[in-house]
Amino acid sequence: MSPTSYQTAPPRIKTGFRPFRTVAGGPCCWRPLTMWCESYGRFGMLSTGWPEKSASDVTGWISAAVSALLGFIGLLRFLTLSMSHMPDYSAATPTDDASGPLSETALTLEELVYQARRNEAIARKLFDIEIDMLRATSLSGFVDRLTERVRDRFDLTEVWLVLTDIEDNQRIEAMLAEQGALSERLLFSTVDFLRLTDNPDQPRLVNNMDEMQPLVPVHLRRRVGSLALLPLELDGRLSGALVLGSGQADRYCPGMEAFFLAQLGIKTSAGLTSIWAREQLRHLATRDPLTGLPNRRELETTLDQELGRVNRYGQPMALLFIDLDDFKAVNDRWGHDAGDACLRHVAICLRELLRRDDRLFRFAGDEFIVLLPGQRHDDGDRIARRMQDALARQPLRLPEDDVVVRFSFGVSTIEPGTALTPDELIRKADRRLYQMKTSS
Ligand SMILES: Nc1nc2c(ncn2[C@@H]2O[C@H](COP(=O)(O)OP(=O)(O)OP(=O)(O)O)[C@@H](O)[C@H]2O)c(=O)[nH]1
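Residues numbered from 1 in each chain as written. Predicted model: local features only at pLDDT ≥ 70, side-chain atom pairs only at ≥ 80, totals over all residues. Heavy atoms only, no water.

Trainee: So what exactly am I meant to see when it comes to the packing of aromatic side chains here?
Mentor: Geometry of an aromatic ring pair is reported as the spacing of the ring centres plus the angle between the planes. Scanning the model with the defined rule gives 3 aromatic pairs in all. Note on Phe259 and Phe260: the rings are 5.1 Å apart at their centroids and 75 degrees apart in plane angle, and the pair reads as edge-to-face. Note on Phe259: relative accessible area 39%, which makes it partly exposed. Here Phe407 and Phe409 contribute two aromatic rings whose centre-to-centre distance is 6.5 Å and whose plane-to-plane angle is 65 degrees, an arrangement assigned as edge-to-face. Pair check on accessibility: Phe407 and Phe409 agree, each one buried. (Phe/Tyr/Trp six-rings, centres within 6.5 Å; stacked < 30°, edge-to-face > 60°. Buried < 20%, exposed > 50% of the residue type's maximum accessible area, 1.4 Å probe, protein only.)

Trainee: Got a minute to help me understand the packing of helix 3 (residues 109-135) against helix 7 (residues 259-286) in this structure?
Mentor: A packed helix pair is summarised by two numbers, namely the angle formed by the two axes and the spacing between the axes. Between helix 3 and helix 7, whose axes approach to 10 Å, the crossing angle comes to 10 degrees. What the angle tells us is that helix 3 and helix 7 run roughly parallel. Side by side, helix 3 and helix 7 meet where Asn119, Ile122, Leu126, Ile129, Glu130, Met133 and Leu134 of the first sit next to Phe260, Gln263, Leu264, Lys267, Thr268 and Arg278 of the second. Of the residues contributing to the contact of helix 3 with helix 7, the split by class is 7 nonpolar, 3 polar and 3 charged. (Axes fitted to C-alpha atoms, helices over the stretch in contact; angles between N-to-C directions. Helix = DSSP H or I, 4+ residues; strand = E, 2+ residues; numbered from the N terminus. Parallel < 35°, antiparallel > 145°, perpendicular 65-115°, else oblique. Contact = heavy atoms within 4.5 Å. Nonpolar A, V, L, I, M, F, W, Y, C, P; charged D, E, K, R; others polar.)

Trainee: What is the right way to look at the pairing of strand 9 (residues 317-324) in this model?
Mentor: Residues in a regular strand project their side chains so that they alternate between the two faces of the sheet. When you tally the buried positions in strand 9, you get 8 out of 8 residues, the bulk of the element. The alternating pattern of strand 9 places Met317, Leu319, Phe321 and Asp323 and Ala318, Leu320, Ile322 and Leu324 on opposite faces, both of which are buried. Two elements, strand 9 and strand 11 (residues 367-373), share 7 bridges in a ladder whose sense is antiparallel. Among the inter-strand pairings, Phe321 is bridged to a residue of strand 11, identified as Ile369. Bridge count for strand 9 against strand 14 (residues 407-414) is 8 bridges, and the pairing is antiparallel. Following the sheet pairing, Asp323 is matched in strand 14 by Ser408. (Pairing = 2+ DSSP bridges.)

Trainee: Teacher, can you tell me more about the nonpolar core here?
Mentor: When a protein is soluble and globular, its nonpolar side chains tend to lie buried together. Judged by nonpolar contacts, the single largest core of 36 residues is most densely connected at Leu139, Phe142, Val150, Leu242, Leu244, Leu261 and Leu264. Contributing elements (two or more residues each) for this core: helix 3, helix 4 (139-153), strand 4 (158-164), helix 5 (167-179), strand 7 (226-234), strand 8 (237-246) and helix 7. For this core, the element with the highest residue contribution is helix 7, accounting for 6 residues. Every residue in contact with Val150, bar those within four places of it in the chain, is listed here: Ile129, Asp155, Leu156, Val159, Leu244 and Leu264. The next biggest cluster of nonpolar side chains, apart from the first, holds 31 residues, and it includes Leu324, Leu354, Ile383 and Val411. (Core = buried A, V, L, I, M, F, W, Y, C linked by side-chain atoms within 4.5 Å.)

Trainee: Looking at this structure, I do not really get the sheet that holds strand 14. What am I missing?
Mentor: Two pairing modes exist for strands in a sheet, parallel and antiparallel, and in both the strands are linked by backbone hydrogen bonds. Strand order in the open sheet made by the 4 strands is 10-11-9-14, with antiparallel pairing throughout. Of all the strands in the sheet, just strand 10 (359-364) and strand 14 have a single pairing partner and so form its edges. Taking the axes of each pair of neighbouring strands and ignoring which way they run, one obtains an average angle of 20 degrees across the sheet. With 5 bridges joining them, strand 10 and strand 11 adopt antiparallel strand pairing. Within strand 11, the residue paired with Phe361 across the bridge is Ile369. The strands touched by helix 12 (residues 422-439) are strand 9, strand 10, strand 11 and strand 14; relative to strand 14, the strand with the most contacts, the crossing angle is about 145 degrees.

Trainee: It is not clear to me how the site of the ligand should be interpreted in this structure. Could you clarify?
Mentor: In the vicinity of the ligand there are 16 residues, among which Phe327, Lys328, Asn331, Asp340 and Arg362 approach most closely. With respect to the ligand, the backbone of Asp326 contributes an N or O atom lying 2.9 Å from an oxygen atom. At 2.7 Å, a side-chain N or O of Asp340 approaches a nitrogen atom of the ligand. For the ligand, whose unbound accessible area comes to 660 Å², protein coverage reaches 63%. Elements with a contribution of two residues or more to the shell around the ligand: strand 9, helix 9 (327-334) and helix 10 (336-353). The element contributing the most residues to the shell around the ligand is helix 10, with 4 residues. Looking at side-chain class alone, the shell around the ligand contains 4 nonpolar, 4 polar and 8 charged residues. (Near = heavy atom within 4 Å. Polar contact = N/O pair within 3.5 Å; in protein donor to acceptor, adjacent residues only side chain to side chain. Areas by Shrake-Rupley, 256 points an atom, 1.4 Å probe, with all protein chains shown as cover.)

Trainee: Looking at this model, I keep getting lost on the environment of Arg386. Mind explaining?
Mentor: Mapped onto the elements of the fold, Arg386 is located in helix 11 (residues 377-393). Separated by 33 residues in the primary sequence, Arg386 and Leu353 have C-alpha atoms spaced 8.7 Å apart.

Trainee: Would you mind showing me how to read the pairing of strand 8 here?
Mentor: With 8 of 10 residues buried, strand 8 lies mostly within the body of the structure. Of the strand pairs in this sheet, strand 4 and strand 8 are connected by 6 bridges, and their pairing is antiparallel. Bridge pairing in strand 8 places Leu163 opposite Gly240. Relative to strand 8, strand 7 is paired through 9 bridges, and the arrangement is antiparallel. Counterpart to Ser226 in the pairing with strand 8 is Ser246. Adjacent in sequence and paired antiparallel, strand 7 and strand 8 are bridged by 2 residues, among which Asp235 carries a positive phi angle near 50 degrees.

In structure tokens:
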């Protein structure tokens, strides 16, 4: 049930008591009480009475009899109306939307109960989503979990994230791409986002989709009839929106109450800020600042995982240990900055030559390590020689000279079923590298 349908046909039963001074014109020896009920504008009445003092005259007894008769008719009417219009709470799953509380001001008891149950269910869903967000250990995990959970929990067509093209977001984009986040739930937009969101503090509900097309992924444009745009802040700056897309055109309409959507936006902004801060710290700890490659520390973690995969999936893995030749001479002849540029140049060239599953690390100084999952010794050797040739064909262009960079390498491999530690695998490759250095 959508909030719209709930708001247009609320089940409504009113009950109340009021003293009724006289019934059937009798003297005040009886104090009748009338209970009324209202359902969809129809009234029922329950009237009853009790003696204030002993009735001694005939009028008093007539009054009592009339009261009792009215009471009986009223009771029947009350029960009939109550049973036919009582809301079916067991069937009502007041949880299907993140929109806010009903806007009616005069709420009856039943409506309050219904609304409380509905709000509680929505709050529980938001809480579950928040817990899921907190459990995410990576930025891509955060985005995937968030969009999937919100979509499933609130029965939406799709949920996606739109990020603006500010500098921070480009770094987020690069990290998400590297981590393989679900790209169909991510959109990077260069449109004037502030204009589209109206008020960056409030969700925007839209069912005129024309102006929103740039914020809807192409494959969803025909399927989405209305959407809720929840502005997201990263470190206090508007950086995009979480977009909830529904196939129903009346699910999100301008002017609807959006209290819970605003809550979801706030929680998402807080979650995004927190995971991004964690990712940046992790990035600092595991990346080499000069080349941007994963560092030796990250290599240790990755090698542990990869060695586990070798035995789990029965696939070999090759490791290349690469050491630049005469790198010291680059520093000595052209200066340390040229040496740095040379290391960056090597990192870019080697990365371009690798496949998606291969991993390149800066191990130390002028040493690099490449992991080649699924490859044996001969494959590793062939790949390394191809890299040598490619690097030799792409000299580093300095203002004064072109510098041809060469390297030596050693290959080690691990086959499924063999027990090798990460250190042993690296040392084996290092020994072969040494042989190549000394033989050339
Ligand atoms: N510019 C720059 N130089 C670095 C960096 N890290 C290490 N080096 C330098 O890299 C050089 C490595 O020297 P060596 O280990 O002798 O290596 P090499 O000159 O290539 O000699 P071979 O390996 O025997 O061919 C040293 O001079 C280090 O100072 C860095 O981050 N930037």
